[in-house]
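Chain by chain, the residues run as shown.
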Amino acid sequence: MLANASSSLPSPYFREEHEQLRAQIRRFVEQEIKPHGAKWEEQGHVPREVLRRMGELGFLGIRYPAEYGGSDMDTLGSVVLAEELGRSTFGGAAITVLVHTDMASVHMANAGSAAQKARWMPEIIAGRAITAVAVTEPDAGSDVKGIRTTARREGDHYVLNGTKMFITNGVHADIYFVAAKTSPDARPSQQISIFMVEKGAPGFSVSRALDKHGWRSSDTAELSFQDCRVPADNLLGKEGRGFYAIMRNFQNERTIIGAMAMGEAQAALELTIDYVTTRKAFGGTLYEKQGIRQRLAMLAARVEAGRQLVYHAAFLDAQGVDCTREVSMAKAYCGELVNEVMYSCLQFHGGMGYMRDSTIERMARDARVQAIGGGATEVMLEEVAKRLKR
Ligand SMILES: Cc1cc2nc3c(=O)[nH]c(=O)nc-3n(C[C@H](O)[C@H](O)[C@H](O)COP(=O)(O)OP(=O)(O)OC[C@H]3O[C@@H](n4cnc5c(N)ncnc54)[C@H](O)[C@@H]3O)c2cc1C
């Protein structure tokens, strides 16, 4: 039994390999992310060299087979990556990496043919090919079945038409996993297929980079497909199975967002405890005010609870158990909790917390989307509610 993210107490979930990975990522975050994160926030993206370096260090292939250069670890390995990147305090940098490792490239890893994987997985794991996943559209987000992008078969090609919205890594990715309707007349769950679209494909363009409230070092784009021709071989998995692929991969995405949120919440609590133990008012430190330290203590308890729920869901997933209920609970709980933590932590920083150059101000902005993206809280609660009835 080894330690978890917040304490040196034993955790039944982690093995030696997880802890070695945690130590390596934590070192990388301290040395290679934190000193440069503010510059990337201004630039609006994480430089490609940083992603390549992470590839060299093995951080982009934690779950992938050794034959492609991966480390063959389990779901808890991804949780360690997400927590530690969350602790960086730069949510934009964290999501840039996590979309690539755990939300986009999983489409290739889970549904790609042997030939597709042999061609692309080594590139993905090395950080030479960065990935994005394009499901959301201007008129369909939570309701995936409502997408309108189409893919029509023409000889040896598919022709894609439509618009994708809010796509992370949308400007800088090399490969996009795009959801499109191949059989609009089939049952709703069988209409969608997933295509791999390479940057530069004819008819594919980035229509605009989007300006955001937070996650400012993550690039987000609107994408346009106008008679975009992709070879029929770029279909991932079977035609009509895309909705199931999206739902399956959402389980991982939601676990990872939960872990990232708990890493962020932990970092915010730590930096706030540092602040209130030195800041003085009314004859003592802020920490000496019972109201402040008790609120922090309760938040610390809830973050511990959220973190253990994420670990539990990841553990079940690693055992191959269907844990949609636990994953949905974790996403809903952690997505809301990280925002409550940020609210209180910013409050206890006083006016300083409202200043653009304070860390907690950025973290509070970054956290907001955790209750929206990858399954809004309400959508997650519907998934839980469906599974409460006996
Ligand atoms: C910064 C950012 C990055 C993103 N990255 C990606 C990406 O890489 N790829 C991608 O495909 N998408 C991405 N998204 C899209 C994201 O997953 C969607 O925004 C999210 O699923 C919500 O969809 P929507 O915005 O269309 O909101 P809508 O579906 O219009 O919902 C609006 C709100 O209504 C509420 N709501 C929705 N359904 C229900 C319900 N059944 N019951 C009660 N309330 C409900 C929720 O509060 C929700 O926030 C990203 C979004 C953002 C903001």
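Details of the structure are given in the entry above.
Described below are features of the structure shown in this document. Values in this document were obtained by computation on a predicted structure and should not be read as measured data.

Examining the packing of helix 1 (residues 16–33) against helix 4 (residues 75–86)
Where helix 1 meets helix 4, the closest approach of the two axes is 9 Å, and the angle between their N-to-C directions is 25 degrees. As the angle between them shows, helix 1 and helix 4 are arranged roughly parallel. You can see that helix 1 and helix 4 cross each other, and the crossing is right-handed. In this structure, helix 1 uses His 18, Leu 21, Arg 22, Ile 25, Arg 26, Val 29 and Ile 33 to contact helix 4, whose residues at the interface are Leu 76, Gly 77, Val 80, Leu 81, Glu 83, Glu 84 and Leu 85. Here the residues of the contact of helix 1 with helix 4 sort into 8 nonpolar, 2 polar and 4 charged.

A short note on unusual backbone geometry
Positioned with a positive phi, Asn 169 is a non-glycine residue whose angle comes to about 65 degrees. Turning to its location among the elements, Asn 169 is positioned in the loop between strand 5 (157–168) and strand 6 (175–181). Residue class for Asn 169 comes out buried when judged on its relative accessible area of 2%. With phi around 45 degrees, Trp 215 is a residue other than glycine that occupies positive phi space. Within the fold, Trp 215 resides in the loop between strand 8 (204–209) and strand 9 (220–231).

Points about the site of the ligand
Residues in close proximity to the ligand total 18 residues, the closest being Val 133, Thr 136, Ser 142, Phe 166 and Thr 168. In the model, a nitrogen atom of the ligand is placed 2.8 Å from a nitrogen or oxygen of the Val 133 main chain. In this structure, Gly 374 approaches the ligand through a main-chain N or O atom, which is 3.3 Å from an oxygen atom. Burial of the ligand by the protein amounts to 63% of the accessible area it has alone, namely 970 Å². If you map the ligand onto the pockets, it falls in the largest pocket. Ranked by the residues each element gives to the shell around the ligand, the list is headed by strand 5, at 3 residues. Along the lines of polarity and charge, the residues of the shell around the ligand split into 10 nonpolar, 6 polar and 2 charged.

Conventions adopted
Each chain has its residues counted from 1, running along the sequence as written. Only residues with pLDDT of at least 70 are given local features in this predicted model, and only at 80 or more are side-chain atom pairs given and counted; all residues enter the totals for whole chains, interfaces and linings. Here the side-chain values reflect all heavy atoms present in the structure, with hydrogen atoms and water set aside. Axis lines are fitted through C-alpha atoms, for helices just across the contact stretch, and the angle between N-to-C directions can take any value from 0 to 180 degrees. In this text, helices come from DSSP runs of H or I with a minimum length of four residues, and strands from runs of E with a minimum of two, each type numbered from the N-terminal end. By the definition adopted for this analysis, an angle is roughly parallel if under 35 degrees, roughly antiparallel if over 145, roughly perpendicular if from 65 to 115, and oblique otherwise. By the definition used in this description, the sense in which the near helix is turned from the far one sets the handedness, with an anticlockwise turn below a right angle giving left-handed and a clockwise turn giving right-handed. Here a residue-residue contact requires only that any non-hydrogen atoms of the pair lie within 4.5 Å. Each residue is assigned to one class: nonpolar for Ala, Val, Leu, Ile, Met, Phe, Trp, Tyr, Cys and Pro, charged for Asp, Glu, Lys and Arg, and polar for all the others, Gly among them. Throughout, exposure labels follow a simple rule: accessible area from a 1.4 Å probe, protein chains only, divided by the maximum for the residue type, with under 20% read as buried, over 50% as exposed, and the rest as partly exposed. Proximity is defined per residue: if any heavy atom of the residue lies within 4 Å of a molecule or strand, that residue is considered near it. Side-chain atoms alone can form a polar contact between residues adjacent in sequence; in general such a contact is a pair of N or O atoms within 3.5 Å, and within protein one must be able to donate a hydrogen while the other accepts it. Areas reported as accessible are Shrake-Rupley estimates using a 1.4 Å probe. Residue values count occlusion only from the protein chains shown. Using only the protein atoms, space was sampled on a 1 Å grid; points where a 1.4 Å probe fits but cannot get out form cavities, open sets with protein on both sides within 12 Å along at least five of seven lines form pockets, and lining residues are those with an atom within 4 Å of a point. Pocket occupancy is defined atom-wise: a molecule lies in a cavity or pocket when more than half of its atoms are within 2 Å of its grid points.

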